[in-house]
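Read off the chains here:
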Amino acid sequence: MTIGFEVLARDGAARRARLMTAHGALDAPVFMPLATTGTVKAMTPESVAATGARIVLGNTYHLMLRPGAERIAAFGGLHRFMNWPYGILTDSGGFQVMSLAARRTVGEAGVSFRSHLDGSLHELTPERSIAIQHLLGADITMALDVCTLHPSSPEAVESSTELTMRWAERSRRAFVERPGHGVFGIVQGGVDCDLRLRATAGLIEIGFDGYAVGGLAVGEGQSTMFAVLDATACALPEDRPRYLMGVGKPADLVGAVLRGIDMFDCVLPTRSGRTAQAFTRRGTVNLRNARHADDPAALDQECPCPACTGYSRAYLHHLCRSGEILGSMLLTAHNLRYYADLMAAMRAAIEAGSLADFAAAFESSQ
Ligand SMILES: [Zn+2]
């Protein structure tokens, strides 16, 4: 028994689905807040759960370097270590090795690199990445991939996509089946739709519990991203979850759900919460802006989060201008609640068969 997946309703290409993991059910489309180093920044696990989140994303690269996967395993795994009783997806570490580590060398066996923390030498192979994610106790494990930066030459994209395929096969073989746990393959291929389709077919041949689309939202622009999704999402199995990695802005999520994506993660709601940017039902608000200094109104009048029910824009503005920690806490809680509510609204619209109307109303509200 791997993770369970059931499509409950369809509206065009969009799906309203439910995943069953070892740590509970997930209603999809679902947004997964980042708990990169084993914490959602500026939030307690209780406040994360209060936003409606039932799964967070931990990071193999960061956790293997500090505090170490074996240490977390000795404490009973990441769920217990960070006191989070719901789902955890861990990424494979591939993306962070490419973006953070120094002096990295990619070879057939894996990638060797120096830690961005202390310069120590490490090696990450597909087998080691899967073993680390097992030590962490992830409900959903990601296969190790090679993420090419955009733009790259067609030859570089093709060779890294092919290496990702070979690593996917090794990752799948290294994964230890347990009830409620699954492993996802990652479709790479840059903005080349033919290469994406080849990669998709290859991953389906290997057979994964879910399929991720990686390497998008790296500077190619929203219309190109949607074109790649139009070509890729329909080629993914109907009866398995589909995860768009590292995406995105609220409008990206709406567009991707319309194209059949079930799962998302992104740094935006949490990072923005620490830089005075709030997502609201009437667009993005910069709380550092002086026009909020005397405003008694709530940040978002329809939002039930602590920031919107307990405080004025003037007070939130004051916290942000003063660099107070409470400003980061309240705005992160608000942004995560906004993302969770956006996903819940899309689930309801799919059930009602009105997602296209929802998307049109969303676009005119921003
Ligand atoms: Zn709010």
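Residues numbered from 1 in each chain as written. Predicted model: local features only at pLDDT ≥ 70, side-chain atom pairs only at ≥ 80, totals over all residues. Heavy atoms only, no water.

S.K.: Just checking my understanding: could you explain the nonpolar core for this structure?
M.R.: Generally speaking, a soluble globular protein has its nonpolar side chains buried in company with each other. Leu-244, Leu-253 and Phe-264 are the most contacted members of the largest nonpolar core, which has 73 residues in total. Counting residues per element, this core draws most heavily on helix α14 (residues 325–352), at 9 residues. Apart from residues no more than four positions distant in its own chain, Leu-253 is found in contact with Phe-31, Val-247, Gly-248, Phe-264, Tyr-339, Leu-342, Met-343 and Met-346. Of all hydrophobic cores here, the second largest spans 20 residues; its members include Ala-17, Ala-28, Ile-55 and Met-263. (Core = buried A, V, L, I, M, F, W, Y, C linked by side-chain atoms within 4.5 Å. Buried < 20%, exposed > 50% of the residue type's maximum accessible area, 1.4 Å probe, protein only. Helix = DSSP H or I, 4+ residues; strand = E, 2+ residues; numbered from the N terminus. Contact = heavy atoms within 4.5 Å.)

S.K.: Is there a simple way to think about the coordination of the zinc ion in this case?
M.R.: Six octahedral donors around a metal ideally subtend angles of 90 or 180 degrees, whereas four tetrahedral donors ideally subtend 109.5 degrees. Those protein atoms acting as donors to the zinc ion are Cys-303 (SG), Cys-305 (SG), Cys-308 (SG) and His-334 (ND1), and they sit at 2.1 to 2.3 Å. Given 4 donor atoms and angles of 98 to 116° at the metal, the environment of the zinc ion is assigned as tetrahedral. Positions of the donor residues of the zinc ion along the chain correspond to the pattern C-x1-C-x2-C-x25-H. One end of the pair, Cys-305, is in the loop between β16 (283–286) and α12 (306–310); the other, His-334, is in helix α14, with 29 residues separating them in the sequence. The exposure class assigned to Cys-305 is buried, which follows from its relative accessible area of 2%. Overall, His-334 belongs to the buried group, its relative accessible area being 0%. (Donors = N, O, S within 2.8 Å, 3.2 Å for Na, K, Ca; no water. Tetrahedral: all angles 85-135°; square planar, octahedral: opposite > 155°, others 65-115°.)

S.K.: Mind showing me how you'd approach the environment of Glu-123 here?
M.R.: Looking at where Glu-123 falls in the secondary structure, it is placed in strand β9 (residues 121–124). A relative accessible area of 48% places Glu-123 in the partly exposed class. Taking the C-alpha atoms as reference, Glu-123 lies 9.4 Å from Thr-105; in sequence the two are 18 residues apart.

S.K.: Would you mind going over the packing of aromatic side chains with me for this structure?
M.R.: The description of an aromatic ring pair uses the distance of the two centres, along with the angle that the planes make with each other. Under the counting rule described, the total for this entry stands at 9 aromatic pairs. Among the aromatic residues, those joined into a ring-pair cluster are Phe-31, Phe-279, Tyr-338 and Tyr-339. Its end group placed over the ring of Tyr-86, Arg-54 keeps NZ or CZ at 4.4 Å from the ring centre. (Phe/Tyr/Trp six-rings, centres within 6.5 Å; stacked < 30°, edge-to-face > 60°. Lys NZ or Arg CZ within 6 Å of the ring centre and 35° of its normal.)

S.K.: What exactly am I supposed to notice about the environment of Phe-358 here?
M.R.: Within the element layout of this structure, Phe-358 appears in helix α15 (residues 355–365). The exposure class of Phe-358 is partly exposed, given its relative accessible area of 21%. Considered as a pair, Phe-358 and Val-254 are 104 residues apart in the sequence and their alpha carbons are 9.0 Å apart. Phe-358 has contacts with Val-254, Leu-342, Ala-345, Met-346 and Ala-349, leaving out every residue within four places of it along the chain.

S.K.: What should I look at first to understand the layout of surface pockets in this one?
M.R.: A water-sized probe rolled over the atoms picks out the places where empty space is left. Its boundaries defined by the atoms lining it, the largest pocket holds a volume of some 960 Å³. Contributing to the lining of the largest pocket are 42 residues, with Leu-34, Phe-95, Gly-246, Asp-265 and Val-267 lying nearest its centre. Those elements that provide at least two residues to the lining of the largest pocket are β5 (55–59), α5 (94–99), α9 (222–232) and α11 (268–273). For the lining of the largest pocket, the leading source of residues is α5, giving 4 residues. Here the lining of the largest pocket is built from residues that sort into 15 nonpolar, 18 polar and 9 charged. (1 Å grid on protein atoms, 1.4 Å probe; cavity = no way out; pocket = protein on both sides within 12 Å on 5 of 7 lines; lining within 4 Å. Points joined across faces, edges and corners; volume = space filled by probe spheres on them. Nonpolar A, V, L, I, M, F, W, Y, C, P; charged D, E, K, R; others polar.)

S.K.: It is not clear to me how the sheet that holds strand β2 (residues 14–21) should be interpreted in this structure. Could you clarify?
M.R.: One key point about sheets: their strands pair by backbone hydrogen bonds, in either a parallel or an antiparallel sense. The strand order across the open sheet formed by 3 strands is β1-β2-β3, and the pairing between neighbours is antiparallel. Bordering the open sheet on either side are β1 (4–11) and β3 (24–28), each of which pairs with just one other strand. Averaged over all neighbouring strand pairs, the angle between strand axes comes to 15°, with direction disregarded. Strand direction decides the pairing type here: β2 and β3, joined by 5 bridges, are antiparallel. (Pairing = 2+ DSSP bridges. Axes fitted to C-alpha atoms, helices over the stretch in contact; angles between N-to-C directions.)

S.K.: Which parts of the structure should I look at to understand the pattern of salt bridges?
M.R.: Side chains that differ in sign of charge can pair as their charged atoms come close. What the rule picks out here adds up to 18 salt bridges. Between Glu-238 and Arg-10 there is a salt bridge, with its nearest N and O atoms 2.3 Å apart. On the criterion of sequence distance, the pair formed by Glu-238 in the loop between α9 and β13 (242–244) and Arg-10 in strand β1 is long-range, its members being 228 residues apart. Of the residues examined, Arg-10 reaches a relative accessible area of 47% and is grouped as partly exposed. The salt bridge partner of Arg-128 is Glu-70, with a shortest N-O separation of 3.3 Å. (Salt bridge = Lys/Arg side-chain N within 4 Å of Asp/Glu carboxyl O.)

S.K.: Hey, could you run me through the pairing of strand β7 (residues 102–106) in this one?
M.R.: In summary, the side chains of a regular strand alternate between the two faces of the sheet. In the sheet, β7 pairs with strand β8 (residues 111–114) via 3 bridges, with the strands oriented antiparallel. For Val-106, the partnering residue across the bridge sits in β8 and is Val-111. Here β7 folds back onto β8, and the loop between the two strands holds 4 residues.

S.K.: Looking at this structure, I do not really get unusual backbone geometry. What am I missing?
M.R.: Outside of glycine, negative phi angles account for most residues, and trans bonds account for most peptide bonds. Pro-29 follows Ala-28 through a cis peptide bond whose omega is 5°. With an omega of 0°, the peptide bond between Val-247 and Gly-248 qualifies as cis. Tracing the backbone shows Gly-248 in the loop between β13 and α10 (250–258). Even without glycine at this site, Ala-217 takes up a positive phi of about 55°. As for its placement among the helices and strands, Ala-217 is situated in the loop between β12 (210–213) and α9. Residue classification places Ala-217 among the partly exposed residues on the basis of a relative accessible area of 41%.

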